[in-house]
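# Secondary and tertiary structure notes
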Protein chains: 2
Amino acid sequence: MTVKSSLRDRRRLQTSREIQRAALTLALRHGHDSVTTEAIAAEAGISQRTFFNYYLNKDAAIIGNAPSFDDDTVARFRESSGPLLADLLQALRRLLSNSDLDRSTSQLIDRLLVRSPDLLPIFYGSLKRLRDQIADLAVMRLGEDARADAELLAEAISHALADTFRIWANDDGMSADSIVDIAAAKLQVLRGLLTPGVQPIPAASTVRPDTQAMTSTAAAPIRP
Amino acid sequence: MTVKSSLRDRRRLQTSREIQRAALTLALRHGHDSVTTEAIAAEAGISQRTFFNYYLNKDAAIIGNAPSFDDDTVARFRESSGPLLADLLQALRRLLSNSDLDRSTSQLIDRLLVRSPDLLPIFYGSLKRLRDQIADLAVMRLGEDARADAELLAEAISHALADTFRIWANDDGMSADSIVDIAAAKLQVLRGLLTPGVQPIPAASTVRPDTQAMTSTAAAPIRP
DNA sequence: GCACATGAATGCATAGTGTGCAATATTTGC
DNA sequence: GCAAATATTGCACACTATGCATTCATGTGC
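Going by the annotation in an unreviewed UniProt entry, the name recorded for chain A is Bacterial regulatory proteins, tetR family, with Paracoccus haematequi given as the source organism.

What follows covers the relation of the copies chain A and chain B. When chain A is brought onto chain B, the operation consists of a screw motion whose angular component is 180 degrees and whose axial shift is 0.0 Å, with 0.1 Å RMSD remaining. The relationship between the two copies is best expressed as a two-fold rotation axis. Relative to the rotation axis, the closest C-alpha in chain A is found at Arg 191 of chain A, a distance of 2.7 Å. Both copies present the same face, since 100% of the interface residues in chain A are matched by interface residues at the equivalent positions in chain B.

With 41 residues of chain A in contact, the opposing surface of chain B contributes 41 residues. Where chain A abuts chain B, roughly 3800 Å² becomes buried across the two surfaces, and 65% of that area is made up of carbon and sulfur atoms. If you look at where chain A meets chain B, you find 0 salt bridges. On inspection of chain A and its partner chain B, the count reaches 6 residue pairs in polar contact (both at pLDDT 80 or more). Listed by contribution, the elements that provide at least two residues to the side of chain A that touches chain B are α6 (84-98), α9 (128-142), α10 (147-170), α11 (178-194) and α12 (211-216) of chain A.

Taken together, 20 residues are adjacent to DNA strand C, and Arg 11 and Arg 49 of chain A together with Ser 47, Thr 50 and Tyr 54 of chain B come closest. Those atoms of DNA strand C that come within 4 Å of the protein belong to sugar or phosphate at a rate of 61%. At 2.6 Å, a side-chain N or O of Arg 49 of chain A approaches a base oxygen of DNA strand C. One nitrogen or oxygen atom from the side chain of Tyr 54 of chain B is found 2.9 Å from a phosphate oxygen belonging to DNA strand C. The set of elements that each furnish at least two residues to the surface near DNA strand C consists of α1 (7-30) and α3 (48-54) of chain A together with α1 (7-30) and α3 (48-54) of chain B. Considering every element that reaches the surface near DNA strand C, the biggest residue donor is α3 of chain B, with 4 residues. A per-class count over the surface near DNA strand C returns 6 nonpolar, 7 polar and 7 charged.

Here we take up the protein's contact with DNA strand D. Neighbouring residues of DNA strand D: 19 residues in total, closest Thr 50, Asn 53 and Tyr 54 of chain A together with Arg 11 and Arg 49 of chain B. One of the side-chain N or O atoms of Arg 11 of chain B is found 2.8 Å from a phosphate oxygen in DNA strand D. Counting only elements with at least two residues in the surface near DNA strand D, the list comes to α1 and α3 of chain A together with α1 and α3 of chain B. The element best represented in the surface near DNA strand D is α3 of chain A, accounting for 4 residues. For the surface near DNA strand D, the class distribution of residues is 6 nonpolar, 6 polar and 7 charged.

What counts, and where the lines are drawn
Residues numbered from 1 in each chain as written. Chains lettered and ligands numbered in written order. Predicted model: local features only at pLDDT ≥ 70, side-chain atom pairs only at ≥ 80, totals over all residues. Heavy atoms only, no water. Least-squares fit on C-alpha atoms with pLDDT ≥ 70 in both. Contact = heavy atoms within 4.5 Å. Buried area = accessible area lost by both parts, 1.4 Å probe. Salt bridge = Lys/Arg side-chain N within 4 Å of Asp/Glu carboxyl O. Polar contact = N/O pair within 3.5 Å; in protein donor to acceptor, adjacent residues only side chain to side chain. Helix = DSSP H or I, 4+ residues; strand = E, 2+ residues; numbered from the N terminus. Near = heavy atom within 4 Å. Nonpolar A, V, L, I, M, F, W, Y, C, P; charged D, E, K, R; others polar.

Right, here's the structure in full:
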């Protein structure tokens, strides 16, 4: 149960990646709708039946398996007493450093998302598992009564993370470590947008404010 | 193009609702997975082929068609110069007052979501159209460069709205007008959770802060 | 009224999805 | 090596979803 077999598991991981690669290349070449599970299986060198042993459906094969928190990370979070958001982000940092991200595969995913925007909901939806885990962590702090709030927070965090993931996939100079930081910055932009009374039309001069200023950093000043 | 036919359109709307009702009752009675499109069609008194003329798939029939902004509302938003969030909420208020919500159907949806939580992603996903429209409105203010931020904001707003919608469905005393207000309050809770350094461990006494205080209202005080 | 265009409902055929089951092959623990 | 556990595969089958042709209802112009 702890350190399970080896050859078997390595094989399993490898074929699951081969299937994903086959699904991605075929979808990019012929369009997502025109690719059948049979074609993916053939490309990956397995039977169609085996395809469904690895992935529940075609979309899951394209997106691949999102990572999830390990028990150690959860334990650390539980014991920490820092600010909620900071602790959540720290847990995500650990998550990302554990999972070895494959930039080339991520690039393929990103390109496919550009080509077939109908897949975007599926892409964000693929983070359901991670989103639920984040919500569970938040509930530990906020209490079960606040589950709806925790889920809303988790949704925002995972969305920001997914966006940043796509940026990372296309920026070779960007380290995986910085993914969480950029996502955190995006969340601060969101916080600014949620601040009531913001977007002040400057009394001074031009009507159109510098849009960059809205997005580049956290929030406009708050009127108490 | 303005006030189109009548008998035809009323019929169309009616059968589309009959189909939804059939889908919901059958799913609640026998479980979502056990219900076939053929059974839904039979229950609604139409052929299976006609079912697919009304809804793209089984899930769409269950959730029904989400409302979307009319041109007038969009125009008003464009001309307004208030704070972004306030204007978006105002547009949503108009949206909800135009669309006649059916509480009994909403109740069925909510009960089904409790019984089959696997439908939750589909439920939130069904707001894609509305979410995209909200994002488009936000982009008008923030500029095309900030589309990602606008979409993140739109996601949060539509999520909060969907949650509130479920509350409204189960609270006969709650008016449809207040949906947007409650959702706005939820967004302020989110803003509080996104505020860095929050969840202050009170220097005074016990380690465990009152969790209610975190969720009941907007945000903890901010340290500038 | 009547003829015609338009849109809706249906049956049929068909491609593709996804699952259960049983047979077979492979890996692992011993 | 050998037996147990696990993976792969083929096959059958139920269901989803779409295209196409036909029939029927509805709305429109004259």
